[in-house]
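One-letter residues, chain by chain:
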Amino acid sequence: MSPTSPANPGCPTRRLTTAQALVAFLARQYTERDGRRQRLISATWGIFGHGNVAGIGQALMEAGGGRSGGGNGGAGNGAAHRMPYLQGRNEQAMVHAAVGYARQSGRLSAHAVTTSIGPGATNLVTGAALATINRLPVLLLPGDTFATRPADPVLQQLEVEYAGDVSVNDCLRPVSRYFDRITRPEALIPAALQAMRVLADPAGTGAVTLALPQDVQAEAYDWPEEFFAERDWHVRRPAPDPHELEAAVRAVRSARRPLIVAGGGIRHSAAEETLAAFTAATRIPVASTQAGKGALRHDHPADVGGIGHTGTATADELARTADLVIGIGTRFSDFTTASGTLFANPAVRVLHLNITGFDAHKLAALPLVADARAGLEALTAALAGRGYRVDPAYETEYTGAKEAWEERVEASFATPDPTARPTQTQVLGLLDALVTEDDILINAAGSLPGDLHKLWRTRSRDQYHVEYGYSCMGYEIPAAIGVLLAAEGRTPRRPVWALVGDGTYLMNPTEIVTAVQENLPLKLVVLQNHGYASIGGLSESVGAERFGTAYRHRDADGGFTGPPLPVDLAANAASLGMRVLRATTVDDLRTALSEARDAGGPTCVYVETETPDTVSGPPPAQAWWDVPVAETASRPAAVKAREEYDRQVAARRRHL
């Protein structure tokens, strides 16, 4: 006879360690939306140390182990309840991989990440911030110091003189949407349920942290069997309030030059088709944030491209003259609003459809708090009987401007000399000519996000994967692994490209080893330009004269203007197990990219790019971005930059 729970008399129990119970619980959690059901936590990434090897590590071994599972173990896991384990090389990178997986899975499935105490745990902080800023679910399970304190301090413990209950894991509190420290086995039950609630919450998701003291992980407890029952977490689609909906309808009907700003909420809600139907009915043009790019295909008549500092001339000019800005699922970051200078029409109003009230009220907007798809469906239906459509002259204006911008894109992508070294935008042009709607491009930092936002022709809802909420160097390679894992089972496999500059590559190449280990067909494109090109350009524009941004030997005066450093990133990638294709000319690169796309294993294309000083480059920024310039300076470059800064900042407004 099974023992019964003292908390629930008559309820059978199972004796497991806290770690075993947590893993068994996680393997039985599901999300459901629109009738589709999937595992909420489908795998666990881990790097083991003394803080988790005997707890979570042992539990994962019993719960299935490898990617396809295996074994039944003491946690009572059948084939459907195994917990696959993924081996990482860097704790931050494991979180990035989990975030890439969650985004590709539509936030309906996520990964857990376990680490030891100390540096393993603090390495999670950057990834956690990225997840929370981008509203993407990831479960963090860092080991923690002893709850029972048999020895004090233990290895890697941070001693805090004024508090005995603080550990380095408290660094994760401000970057987590939910945080708990499990100091007793039975405390896991409410904490685990709260963790799942937050992970499945479309308005409140992000990084969730359960800090696990190493002694508690290994401690046994009689767990109620009902804790291990399969549980479905419904991902809701809240509809708009009727009063807010009617106000939104009035705002749209009175607008003469409306513009939609499509954010990542459209993708998270799978509202792309609903947006297309709305624009078909109203002919309102659609500009996109970095997270929202792909809400409409690039060739959709209403798509006018990226908006803001890295946006197109078409979208930004429409934004300056719009009398109604309709935000859908966006955070209205400074890049999107050009630091408060973009929506310049004195009569402009903002209507914001967002699932969170916090975001829906930004820019003193008229709020429409709802799921993006549900809100658009309601707005479309409410407008249907009232005959709203923009003036044909406005439609002709923005479609003509879009055609003119496409000519600038073609000029940037052009490769008149196939024997020359390519520019960065020419690299994108060659990719543009190669890919189909199946391909996925991943990027996060450097000058590439700006070029991609302005120039890339997105062919499918999930092709464009640029992480720009945190713009974290080192995100791309592990995120591509997460995307590949999310797309497993599809035949043929979707080509997944990680685009990185040399600065980003040097930040975090470690997960190349993971791609090799798992034989994932990652397509890595490394662009070598010998420094931080993006920040170099910014530095020059703000009067800092590219100081400290070049990867070069020191000169006689101590500066960094000597020859480029003899760093061979292609050799480094090869040393980590990747097949490497070196390209020196446009023709070489075209061939290498095509070969990489067809490759069945991890492949790197390495190319040294030409600066755009003497050949075609990307169009310049079409809107401002506020980076404060020194108010007093002795060098002419900084003085001139400050004059320009004062001119630009005068145009900023607060939307009240």
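### What to know about helix H17 (residues 448-455)
At step 1: H17 sits mainly inside the fold: 8 of its 8 residues count as buried.
At step 2: Residues Leu448, Pro449, Gly450, Asp451, Leu452, His453, Lys454 and Leu455 constitute the buried set of H17.

### Quick look at the nonpolar core
If you look at soluble globular proteins, the nonpolar side chains tend to sit buried side by side.
At step 1: Ranked by size, the top nonpolar core spans 52 residues in total, and within it Trp45, Val113, Leu140, Tyr505 and Leu524 carry the most contacts.
At step 2: The dominant element in this core, judged by the number of residues it contributes, is helix H18 (residues 476-486), at 7 residues.
At step 3: If we ignore the near neighbours within four places in the chain, the residues touching valine 113 are Trp45, Met94, Val95, Ala98, Leu124, Val138, Leu139, Leu140 and Leu141.
At step 4: In terms of nonpolar packing, the next biggest core, distinct from the first, is built from 51 residues, Ala251, Ile284, Ala372 and Val390 among them.

### Some words on the layout of surface pockets
At step 1: Looking at the second largest pocket, its volume works out to about 620 Å³.
At step 2: Lining the second largest pocket we find 30 residues, and of these Tyr101, Ser105, Ser109, Leu485 and Ala486 sit closest to its centre.
At step 3: At the level of elements, strand S3 (36-39), strand S4 (41-46), strand S6 (83-87), helix H3 (91-104), helix H9 (264-268) and H18 are the ones that each hand at least two residues to the lining of the second largest pocket.
At step 4: Per-class residue counts for the lining of the second largest pocket are 9 nonpolar, 8 polar and 13 charged.

### A few points about the sheet that holds strand S14 (residues 286-288)
At step 1: Pairing within the open sheet is parallel, and its 6 strands lie in the order S15-S14-S13-S16-S17-S18. At either end of the open sheet lies a strand with only one pairing partner, and these are strand S15 (303-306) and strand S18 (366-369). Here the strands of the sheet are splayed against their neighbours by 20° on average, with no regard to which way each runs.
At step 2: Relative to S18, strand S17 (residues 349-354) is paired through 4 bridges, and the arrangement is parallel. In the strand pairing of S18, histidine 352 is matched with proline 367.
At step 3: Of the strands in this sheet, strand S13 (258-262), S14 and S15 are in contact with helix H11 (residues 313-321), which crosses S15 at around 100°.

### Remarks on the packing of helix H1 (residues 18-26) against helix H6 (residues 188-199)
At step 1: Interaxial distance between H1 and H6 falls to 11 Å at its minimum, and their mutual angle equals 30°. The chirality of how H1 crosses H6 is right-handed. For the pair H1 and H6, contact is made by Thr18, Ala21, Leu22, Phe25 and Leu26 and by Leu188, Ala192, Leu193 and Met196, respectively.
At step 2: Classifying every residue of the contact of H1 with H6 by side-chain character gives 8 nonpolar, 1 polar and no charged.

### Some remarks on the environment of leucine 430
At step 1: Tracing the backbone through its elements, the reader meets leucine 430 in helix H16 (residues 424-434).
At step 2: Taking the C-alpha atoms as reference points, leucine 430 and threonine 591, 161 residues apart in sequence, are found 9.8 Å from one another.

### Points about the pairing of strand S24 (residues 603-608)
For a regular strand, side chains alternate in direction, first toward one face of the sheet and then toward the other.
At step 1: When you tally the buried positions in S24, you get 5 out of 6 residues, the bulk of the element.
At step 2: Strand direction decides the pairing type here: strand S22 (residues 522-528) and S24, joined by 6 bridges, are parallel. When the bridges of S24 are listed, leucine 527 appears paired with valine 607.
At step 3: Regarding topology, helix H23 (residues 586-598) serves as the crossover connection from strand S23 (residues 579-583) to the parallel S24, and that connection is right-handed.

### Digging into the pairing of strand S9 (residues 178-181)
At step 1: Across 4 bridges, S9 lies against strand S10 (residues 207-213) in parallel orientation. Bridged to phenylalanine 179 within S10 is threonine 209.
At step 2: You can see the chain leave S9, run along H6 and come back into S10, and the turn it takes is right-handed.

### Observations regarding the environment of serine 412
At step 1: Following the sequence through the fold, serine 412 ends up in helix H15 (residues 392-413).
At step 2: Since its relative accessible area comes to 3%, serine 412 is described here as buried.
At step 3: With 76 residues separating them along the chain, serine 412 and glutamate 488 place their C-alpha atoms 35 Å apart.

### Some words on empty space enclosed by the protein
At step 1: For the structure shown, the criterion picks out 4 cavities of 30 Å³ or more.
At step 2: Of the voids in this model, the largest cavity is the one considered here, and its volume is about 200 Å³.
At step 3: Considering only enclosed or pocket space, the second largest cavity measures out at about 70 Å³ in volume.
At step 4: A per-class count over the lining of the second largest cavity returns 5 nonpolar, 2 polar and 1 charged.

### Here's the deal with the packing of H3 against H18
At step 1: Relative to each other, H3 and H18 sit at 40°, their axes nearing to 7 Å. Of the possible angle classes, the one that applies to H3 and H18 is oblique. Two packed elements cross with a definite hand, and for H3 against H18 that hand is right-handed. Residues Ala93, His96, Ala97, Gly100, Tyr101 and Gln104 of H3 lie in contact with H18, whose contacting residues are Pro478, Ala479, Gly482, Val483, Leu485 and Ala486.
At step 2: Across the contact of H3 with H18, the residue classes break down as 8 nonpolar, 4 polar and no charged.

### Considerations on the state of the cysteines
At step 1: In this structure the tally under the stated criterion is 0 disulfides.
At step 2: Cysteine 604 takes part in no disulfide bond, and the closest cysteine sulfur, belonging to cysteine 472, lies 20 Å away.

### A word on helix H14 (residues 372-384)
At step 1: Along its 13 residues, H14 runs 18 Å from first to last C-alpha, staying within 8% of the 18 Å computed at 1.5 Å per residue.
At step 2: Those residues of H14 lying buried are Ala372, Ala374, Gly375, Leu376, Leu379, Ala382 and Leu383.
At step 3: Against helix H8 (242-254), H9, helix H10 (272-282), strand S16 (324-328) and S17 lie the buried residues of H14.
At step 4: Its side-chain oxygen at 3.0 Å from the backbone nitrogen of arginine 373, aspartate 371 defines the N-terminal cap of H14.

### A look at the pattern of salt bridges
At step 1: Here the structure, examined in full by the defined rule, presents 42 salt bridges.
At step 2: The shortest N-O distance in the salt bridge between glutamate 545 and arginine 635 comes to 2.5 Å. One end of the pair, glutamate 545, is in the loop between helix H21 (533-541) and helix H22 (569-575); the other, arginine 635, is in the loop between S24 and helix H24 (636-649), and 90 residues separate them in sequence.
At step 3: You can call glutamate 545 partly exposed: its relative accessible area is 37%.

### Topic: a nonpolar patch on the surface
At step 1: A surface patch of nonpolar side chains, about 220 Å² in accessible area, is lined by Leu506, Leu565 and Val567.
At step 2: Structurally, leucine 506 can be placed in helix H19 (residues 502-507).
At step 3: Here leucine 506 falls in the partly exposed class, since its relative accessible area comes to 44%.

### What about the sheet that holds S23?
For sheets, the rule is that strands pair by backbone hydrogen bonds, running either parallel or antiparallel.
At step 1: An order of S20-S19-S21-S22-S24-S23 is seen for the 6 strands of this open sheet, with the pairing classed as parallel. The open sheet terminates on both sides in strands that have one partner only, identified here as strand S20 (464-466) and S23. When strand polarity is set aside, the average angle formed by the axes of neighbouring strands in this sheet is 20°.
At step 2: In this structure, S23 lies alongside S24, joined through 5 bridges in parallel fashion. Residue pairing in the sheet places arginine 582 in a bridge with tyrosine 606 of S24.
At step 3: Sheet strands in contact with H17 are strand S19 (440-443), S20, strand S21 (496-501) and S22, and its direction is about 150° off that of S20.

What counts as what
Residues numbered from 1 in each chain as written. Predicted model: local features only at pLDDT ≥ 70, side-chain atom pairs only at ≥ 80, totals over all residues. Heavy atoms only, no water. Buried < 20%, exposed > 50% of the residue type's maximum accessible area, 1.4 Å probe, protein only. Helix = DSSP H or I, 4+ residues; strand = E, 2+ residues; numbered from the N terminus. Core = buried A, V, L, I, M, F, W, Y, C linked by side-chain atoms within 4.5 Å. Contact = heavy atoms within 4.5 Å. 1 Å grid on protein atoms, 1.4 Å probe; cavity = no way out; pocket = protein on both sides within 12 Å on 5 of 7 lines; lining within 4 Å. Points joined across faces, edges and corners; volume = space filled by probe spheres on them. Nonpolar A, V, L, I, M, F, W, Y, C, P; charged D, E, K, R; others polar. Pairing = 2+ DSSP bridges. Axes fitted to C-alpha atoms, helices over the stretch in contact; angles between N-to-C directions. Left-handed = near helix turned anticlockwise from the far one by under 90°. Right-handed = clockwise from strand over helix to strand, strands pointing away. Parallel < 35°, antiparallel > 145°, perpendicular 65-115°, else oblique. Disulfide = S-S within 2.5 Å. Expected span 1.5 Å × (residues − 1). Polar contact = N/O pair within 3.5 Å; in protein donor to acceptor, adjacent residues only side chain to side chain. Salt bridge = Lys/Arg side-chain N within 4 Å of Asp/Glu carboxyl O. Patch = residues over 30% accessible without salt bridge, like charges linked within 9 Å, V, L, I, M, F, W, Y side chains within 5 Å. Areas by Shrake-Rupley, 256 points an atom, 1.4 Å probe, with all protein chains shown as cover.

Interpretation in functional terms is not warranted from these geometric data alone.
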